[in-house]
Amino acid sequence: MSIRIDLVGDRYTATVTPPHGSAAWATTDPLARTELIAKLREIGCHTTDIGDAFYAADPDWLSREN
């Protein structure tokens, strides 16, 4: 998978490699869910791929507070 998301406490880190993003990218610090989604969309990641990566990292990601 070219998008890897990890749960760190109540926040998330991510690493992206092409083709899912326009260039290789990684978080420098854990981000809130909505912040990370915005960053991933900004670099060209598809919503379905983002959701799949979140689910792989944390099956309860949608039910957690932001």
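From a predicted model like this one, the values you see are computed outputs, not experimental measurements. Residue indices begin from 1 for each chain and proceed along its sequence in written order. Confidence filtering applies because this is a predicted model: local features only for residues at pLDDT of at least 70, side-chain atom pairs given and counted only at 80 or more, and all residues used for totals across whole chains, interfaces and linings. Side-chain numbers come from the whole structure's heavy atoms, not from hydrogens or water.

*Asks:* I keep staring at the environment of A56 and nothing clicks. Help me out?
*Replies:* Only DSSP runs of H or I reaching four residues or more are called helices, and only runs of E reaching two or more are called strands; each is numbered from the N terminus. Following the sequence through the fold, A56 ends up in helix 2 (residues 47–57). Sequence spacing of A56 and D6 is 50 residues, and the spatial spacing of their C-alpha atoms is 8.7 Å.

*Asks:* Just to check I follow, could you spell out the pairing of strand 2 (residues 11–16) for this structure?
*Replies:* Successive residues of a regular strand alternate their side chains across the two faces of the sheet. As defined by bridge partners, strand 1 (residues 3–8) adjoins strand 2 across six bridges and the pair is classed as antiparallel. Across the sheet, the residue bridging to I3 is V16, located in strand 2. In textbook terms, the turn of a hairpin is the stretch between consecutive antiparallel strands, and for strand 1 and strand 2 this stretch comprises two residues, one of which, G9, has a positive phi near 65°. Here, strands pair whenever DSSP counts at least two bridges between them.

*Asks:* Explanation requested: the packing of aromatic side chains in the structure shown.
*Replies:* Aromatic ring pairs: the centre-centre distance and the angle between the two ring planes describe each pair. Two rings from Phe, Tyr or Trp (for Trp, the six-membered ring) form a pair when their centres sit within 6.5 Å of each other. Planes less than 30 degrees apart are called stacked, planes more than 60 degrees apart edge-to-face, and all others tilted. Enumeration over the complete set of coordinates arrives at two aromatic pairs. An angle of 75° between the planes, with centres 4.9 Å apart, marks the rings of Y12 and F54 as edge-to-face. Residue Y12 is located in strand 2, and its partner F54 is located in helix 2; the two are separated by 42 residues in the primary sequence. Each member of the pair Y12 and F54 is classed as buried. Measuring from ring centre to ring centre gives 4.6 Å for F54 and W61, while their planes differ by 15°; the resulting arrangement is stacked. To sort residues, take the accessible area from a 1.4 Å probe on protein chains only and compare it with the maximum for the residue type: under 20% means buried, over 50% means exposed, and anything in between is partly exposed.

*Asks:* What is the right way to read the sheet that holds strand 2 from this model?
*Replies:* Sheets are built from strands paired through backbone hydrogen bonds, the pairs being either parallel or antiparallel. What the three strands build is an open sheet, ordered 1-2-3; its pairing is antiparallel. Here the strands that pair on one side only, and so sit at the sheet edges, are strand 1 and strand 3 (25–26). Summarising the sheet, strand 2 and strand 3 pair through two bridges and their orientation is antiparallel. Pairing of T15 across the sheet is with A26, part of strand 3. In this description, contact between two residues means that some pair of their heavy atoms is separated by no more than 4.5 Å. Every angle, taken between N-to-C directions, lies between 0 and 180 degrees, and every axis is a line fitted to C-alpha atoms, over only the stretch in contact when it is a helix. The sheet contacts of helix 1 (residues 33–42) involve strand 1, strand 2 and strand 3, and relative to strand 2 the element is tilted by about 15°. Docked against the sheet, helix 2 engages strand 1 and strand 2, running at close to 40° with respect to strand 1.

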